[in-house]
Amino acid sequence: MESTVKIPETSLWANRKCLLICAIVAIANMQYGLDSAAIGSLQAMPGFLEVFGYKDPTQPSGYAIEGTFQRLIGSLLTLGAFLSSLVAGSFAHFFGRKVALWLACVLNAVACIIQISTTDKAAVYVGRLVLGLANGFLVTFSNIYTSEAAPAHLRAVMVALFSEWVNIGSIIGAAVTNATKNRLDKASYQIPLGTLFIVPAFLAIGLFFVPESPRYLLYKGKNEEARQALQKLRGDSLSTSSFELEWVEMVKGIEEEKHTANTIGPLDMFKGTELRRTLLCYGIIATQTGAGSWFIISYSTYFMTVAGLSTDDAFKFSVMHTCLGFIGVNVGMYLMRHIMGRRSVLMTGAAAQGLAMLGMAVSATVAYGTVSARNCVIAFTALYQFSYNAFVGDATYPTATEMVSTRLRSWSVGSAISLGYILAWLTGFCSPYFINPEDLDWGAKYAYIWAGSNLCCLVFFYLCVPETKGRTLEEIDELFANRVSVRDFKNFKTKIVAEALRDVKGRAPGSEKLATIEHIDKV
């Protein structure tokens, strides 16, 4: 019989203070949902097309948009996000997570002002690029912060707040664009773009009440500030002895990382055991694009109008799909918390998403141009939105951010998100060629590509991604340092928590009270 020491798994209610702090930081991701809903819908809105498009009586809406402009307003946002995510590691090394998020708020506000106030396409391009720079920092640092701040057993839920806020932003964006879609003046698109001020306003104020990441502070040698930050995050969720155990484990883990590494820089991501961790992080983030999410998110409303739906119906179904995605997010959070591990969630999602894409493509092949094919597009898009948000969309950031070491997390996650943005840019740039009637005019048959891509994601999840549910970040460091295989990851017995417990007992009088620490006996 072997005994495994474990920090107690307290409830969400007991950790309500940490949950609130993580929710404040994660609101940064709402911008992604707001912008995706707004830009995706504006491309089918007569008021927007009257200014930036041209009249085309052959289209259901009476207007069309140039393929070049359509591609650039999406791809420039992605380019900006790629650039800012790429430098995230260097920025975080000197300034930390909070300062990066404040800077993103400023850039965000500037970008909104540019886009709302202009009718010039060149200025729109500049605004999209600046907004992309802001979005890169928002996504990267909000997810890094929540992964470092959350308790191990609740990390999946708190990092998955990313998906929660994205979908809330999408619902708000879809509702606003639905309310303004029939206006023919500039306000029809200026009002939806104005919602992009919501995130920088709330986040900039909320960050004054959020402590810096305790793990970042420890790495900078600010031990007392780090301890105070952890105390603020944990509140009264842990007993004194349990808090001390978590603190000592965190200190030991970071000291061990410092001892084994003489440098902290981007090239370290590709050395020794860090190479495996970096490649896993890259692969997991890349599956967001590989799942086909950027195609569905960016072009679903436009895609449905091309398939023959009226503008009104396309907007209504877009809102419905977004609401299904929000339900999916909450289903996925429950599954990760109570029923399934990260790996199982990811594999289930890849299979479900691939089948939804395949169904969409087959229906367009066998019944092209019919009402049945159009209805299949609506139905399979709905199934995809639910499946993606419940599984891959929910689990990728929790899994990717915990794959990498604390000392390299800002570099690894930042560069991984940059890779994701490159792939998203390729999707955004190439998709119009496939779906636009002026180009290849594949329509829903484009989904064949994404069905095959989801199959590749499924194979990757099965062969490469280890199960990390319930592990502290320091335990995960130990597992990778010991080169534990994917098959053995789940059941491997780590030593760092037990060593931390011995340290705590050795330095604290009255250590018999540490019996409150949970012990799990394995036969």
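Residue numbers run consecutively from 1 along every chain, following the written order of its sequence. In keeping with the model being predicted, local features are shown solely for residues with a pLDDT of at least 70 and side-chain atom pairs are shown and tallied solely at 80 or more, while totals for entire chains, interfaces and linings include all residues. Water and hydrogen atoms were dropped before computing side-chain values, which therefore reflect all heavy atoms in the structure.

Side note on the packing of aromatic side chains
Here comes step 1: Only the six-membered ring of Trp is used, alongside the rings of Phe and Tyr, when aromatic pairs are assigned; centres must lie within 6.5 Å, and planes under 30 degrees apart are stacked while those over 60 apart are edge-to-face, with the rest tilted. Scanning all chains against the criterion turns up 17 aromatic pairs.
Here comes step 2: Both rings, one in F69 and one in Y125, keep their centres 5.9 Å apart while their planes meet at 45°; by these two values the pair is tilted. With F69 in helix α4 (residues 67-86) and Y125 in helix α6 (residues 121-149), the pair connects residues that are 56 residues apart, well separated along the chain.
Here comes step 3: Exposed residues in this analysis have more than 50% of their type's maximum accessible area, buried residues have under 20%, and partly exposed residues fall in between, with area computed by a 1.4 Å probe over protein chains only. Among the residues examined, F69 registers a relative accessible area of 1% and is labelled buried.
Here comes step 4: Counting every residue linked through ring pairs, the aromatic cluster contains F48, F52, F69, Y125 and Y189.
Here comes step 5: Across from the ring centre of W13, 4.4 Å away, lies the NZ or CZ of R16, which sits over that ring.
Here comes step 6: The ring of F69 has K121 lying over it, and the distance from NZ or CZ to the ring centre is 5.1 Å. Counting from the N terminus, the helices are DSSP H or I runs at least four residues long and the strands are E runs at least two residues long. We call a charge positioned above a ring when the Lys NZ or Arg CZ atom is no farther than 6 Å from the ring centre and deviates by at most 35 degrees from the ring normal.

Focus on the packing of helix α2 (residues 30-42) against helix α10 (residues 198-206)
Here comes step 1: Axis separation between α2 and α10 bottoms out at 9 Å; the angle between their running directions is 175°. Compared by their axis directions, α2 and α10 come out roughly antiparallel. Touching M30, Q31 and L34 of α2 are I198, V199 and P200, all from α10.
Here comes step 2: Looking at the contact of α2 with α10, its residues break down into five nonpolar, one polar and no charged. Angular values range over 0 to 180 degrees, each being the angle between N-to-C directions of two axes fitted as lines to C-alpha atoms, with helices fitted over their stretch in contact. For classification purposes, an angle smaller than 35 degrees is called roughly parallel, one larger than 145 roughly antiparallel, one from 65 to 115 roughly perpendicular, and anything else oblique. Contact definition: two residues touch when any of their heavy atoms are within 4.5 Å. Basically, the charged four are Asp, Glu, Lys and Arg, the nonpolar ten are Ala, Val, Leu, Ile, Met, Phe, Trp, Tyr, Cys and Pro, and anything else, Gly included, counts as polar.

Notes on a nonpolar patch on the surface
Here comes step 1: A patch consists of residues exposed above 30% relative accessible area that lack any salt bridge, with like charges linked at up to 9 Å and nonpolar side chains (Val, Leu, Ile, Met, Phe, Trp, Tyr) linked at up to 5 Å. Exposure was quantified through the Shrake-Rupley algorithm and a 1.4 Å probe, taking into account, for residues, occlusion by the shown protein chains and nothing else. Take a side-chain nitrogen of Lys or Arg and a carboxyl oxygen of Asp or Glu: if they are within 4 Å of each other, that pair is a salt bridge. A cluster of nonpolar residues, L355, L358, V362, V366 and Y448, forms a patch on the protein surface that exposes about 470 Å² of accessible area.
Here comes step 2: A total of four residues in the nonpolar patch trace back to one element, the largest contributor, which is helix α17 (residues 342-366).
Here comes step 3: Residue placement: L358 occurs in helix α17.
Here comes step 4: Given a relative accessible area of 37%, L358 falls into the partly exposed group.

What to know about the confidence of the model for the chain
Here comes step 1: Per-residue pLDDT for the chain has a mean of 85; in total, 93% of the residues score no lower than 70.
Here comes step 2: For the chain, per-element mean pLDDT is lowest for strand β4 (residues 518-522), which scores 40, and highest for helix α21 (residues 447-464), which scores 95.
Here comes step 3: In the model, residues 510-523 has pLDDT below 50 throughout and makes 38 contacts with residues more than four positions away in sequence or in other chains. pLDDT expresses, on a scale from 0 to 100, how confident the predictor is about each individual residue.

A word on the side chain of T472
Here comes step 1: Its place among the elements puts T472 in the loop between α21 and α22 (473-481).
Here comes step 2: Non-local contacts of T472, meaning those with residues more than four positions away in its chain, are made with A152, R155 and E249.

As for α2
Here comes step 1: Helix length check: α2, at 13 residues, gives a terminal C-alpha distance of 18 Å against a target of 18 Å (1.5 Å per residue), a fit within 8%.
Here comes step 2: Burial analysis of α2 places 13 of its 13 residues in the buried class, the great majority of the element. Multiplying one less than the number of residues by 1.5 Å gives the expected span of a helix.

Considerations on the pattern of salt bridges
Here comes step 1: Here the structure, examined in full by the defined rule, presents 14 salt bridges.
Here comes step 2: The partner of K252 in a salt bridge is D503, and the shortest N-O contact between them spans 3.4 Å. Remark: D503 occurs in helix α23 (residues 496-507) and K252 occurs in helix α13 (residues 240-260); sequence separation between them is 251 residues.
Here comes step 3: For K252, a relative accessible area of 24% puts it in the partly exposed group.

Here we look at the nonpolar core
Here comes step 1: Definition of nonpolar core: a set of buried residues of the types Ala, Val, Leu, Ile, Met, Phe, Trp, Tyr and Cys, connected through side-chain atoms within 4.5 Å. Core analysis: the biggest nonpolar cluster contains 127 residues, and F48, L101, L203, M357 and F461 have the highest contact counts within it.
Here comes step 2: In contact with F461, not counting residues within four places along its chain, are T287, R343, L346, M347, A350 and V392.

Quick word on the state of the cysteines
Here comes step 1: By definition, disulfides here are pairs of cysteine sulfur atoms that lie within 2.5 Å. In the structure shown here, the tally under the stated rule is zero disulfides.
Here comes step 2: C112 takes part in no disulfide bond, and the closest cysteine sulfur, belonging to C105, lies 11 Å away.

Quick notes on the packing of helix α5 (residues 88-117) against helix α9 (residues 187-194)
Here comes step 1: One way to put it is that α5 packs onto α9 with a least axis distance of 9 Å and a crossing angle of 175°. Accordingly, the angle class assigned to the pair α5 and α9 is roughly antiparallel. Each of C112, Q115 and I116 in α5 lies in contact with α9, whose residues at this interface are Q190, L193 and G194.
Here comes step 2: Considering only residue class, the contact of α5 with α9 consists of three nonpolar, three polar and no charged.

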